[in-house]
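Structural description and commentary
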Amino acid sequence: MDKRFIIITNNTMVRDEFEGKYQVEYEDLSYEDTLKKVRDRVQEGYKLLTHPLSGSVKPNETPYKSVMISAHPEKLDFQSLDIIERAIHSCGKFAFRSDKYRPEVYEDFRTIDFTLISSAIPSTDFLK
């Protein structure tokens, strides 16, 4: 198992594909609560490795989010803390709409989130 980073997610597709290959922390949480879990880890000294608002899907449009953080805590990274706090604040700017979609649309949202986090994995080669 690759232990250079941790993926925090509420997306079952990410969990199912990456569990056992990478460190994956999955919980059935809302988008915003997933970001809050990331914030809690950042406050413990973990650093953001992917942006919590990556992609062009607004927080109110999708229920799924995966974020990559460092594998080990160090000192508090204030830039990571600022980014995650702003992302959480952004969730409050939009009315929640993802509960209004047809069921098959959720598979598309899982795929979008999966693709975004997957594209970040090769770029973590600098962590070796």
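For clarity, every value in this text was computed on a predicted model and none was experimentally measured. (Residues numbered from 1 in each chain as written. Predicted model: local features only at pLDDT ≥ 70, side-chain atom pairs only at ≥ 80, totals over all residues. Heavy atoms only, no water.)

Further remarks concern the sheet that holds strand E1 (residues 2-9). The strand order across the open sheet built from 3 strands is E2-E1-E3, with neighbouring strands paired in mixed fashion. Lying at the two open borders of the sheet, with one neighbouring strand each, are strand E2 (22-26) and strand E3 (66-70). Strand-to-strand, the axes of this sheet are offset by a mean angle of 30°, without reference to chain direction. As paired elements, E1 and E3 share 5 bridges and run antiparallel to each other. Its bridge partner lying in E3, Phe5 is registered against Ser70. Across the face of the sheet, helix H2 (residues 31-43) comes into contact with E1, E2 and E3 while running at roughly 140° to E1. (Pairing = 2+ DSSP bridges. Helix = DSSP H or I, 4+ residues; strand = E, 2+ residues; numbered from the N terminus. Axes fitted to C-alpha atoms, helices over the stretch in contact; angles between N-to-C directions. Contact = heavy atoms within 4.5 Å.)

Moving on: the pattern of salt bridges. Tallied over the full model, the rule gives 12 salt bridges. Taking the shortest distance from any N to any O, the salt bridge between Arg15 and Asp16 comes out at 2.8 Å. Looking at Arg15, the relative accessible area reads 22%, which means it is partly exposed. By relative accessible area, Asp16 is classed as exposed at 51%. For Glu25, the salt bridge is made with Arg41, and the minimal N-O distance between the two is 2.6 Å. Taken together, the residues Glu25 in strand E2 and Arg41 in helix H2 connect sequence positions 16 residues apart. By relative accessible area, which is 13% here, Arg41 ends up buried. Through salt bridges that share partners, Glu25, Glu27, Lys37, Arg41 and Glu44 make up one connected network. (Salt bridge = Lys/Arg side-chain N within 4 Å of Asp/Glu carboxyl O. Buried < 20%, exposed > 50% of the residue type's maximum accessible area, 1.4 Å probe, protein only.)

Turning our eyes to something else, we now look at the side chain of Asp77. Following the sequence through the fold, Asp77 ends up in the loop between E3 and helix H3 (78-91). Buried charge without a salt bridge: Asp77, with Lys47 as the nearest opposite-charge side chain at an N-O distance of 4.6 Å. In terms of polar contacts, Asp77 uses its side chain to reach the side chain of Ser80, at 2.5 Å. Non-local contacts of Asp77, meaning those with residues more than four positions away in its chain, are made with Val42 and Lys47. (Lys, Arg positive; Asp, Glu negative; His and termini not counted. Polar contact = N/O pair within 3.5 Å; in protein donor to acceptor, adjacent residues only side chain to side chain.)

Looking now at the packing of aromatic side chains. As enumerated under the stated definition, the model contains 4 aromatic pairs in all. Taking 5.3 Å as the distance between ring centres and 20° as the angle between the ring planes, the aromatic pair formed by Phe18 and Phe114 counts as stacked. Of this pair, Phe18 sits in helix H1 (residues 12-18) while Phe114 sits in helix H4 (residues 103-120), and the two are 96 residues apart along the sequence. Pairwise contacts between aromatic rings join Phe5, Phe18, Tyr22 and Phe114 into one cluster. (Phe/Tyr/Trp six-rings, centres within 6.5 Å; stacked < 30°, edge-to-face > 60°.)

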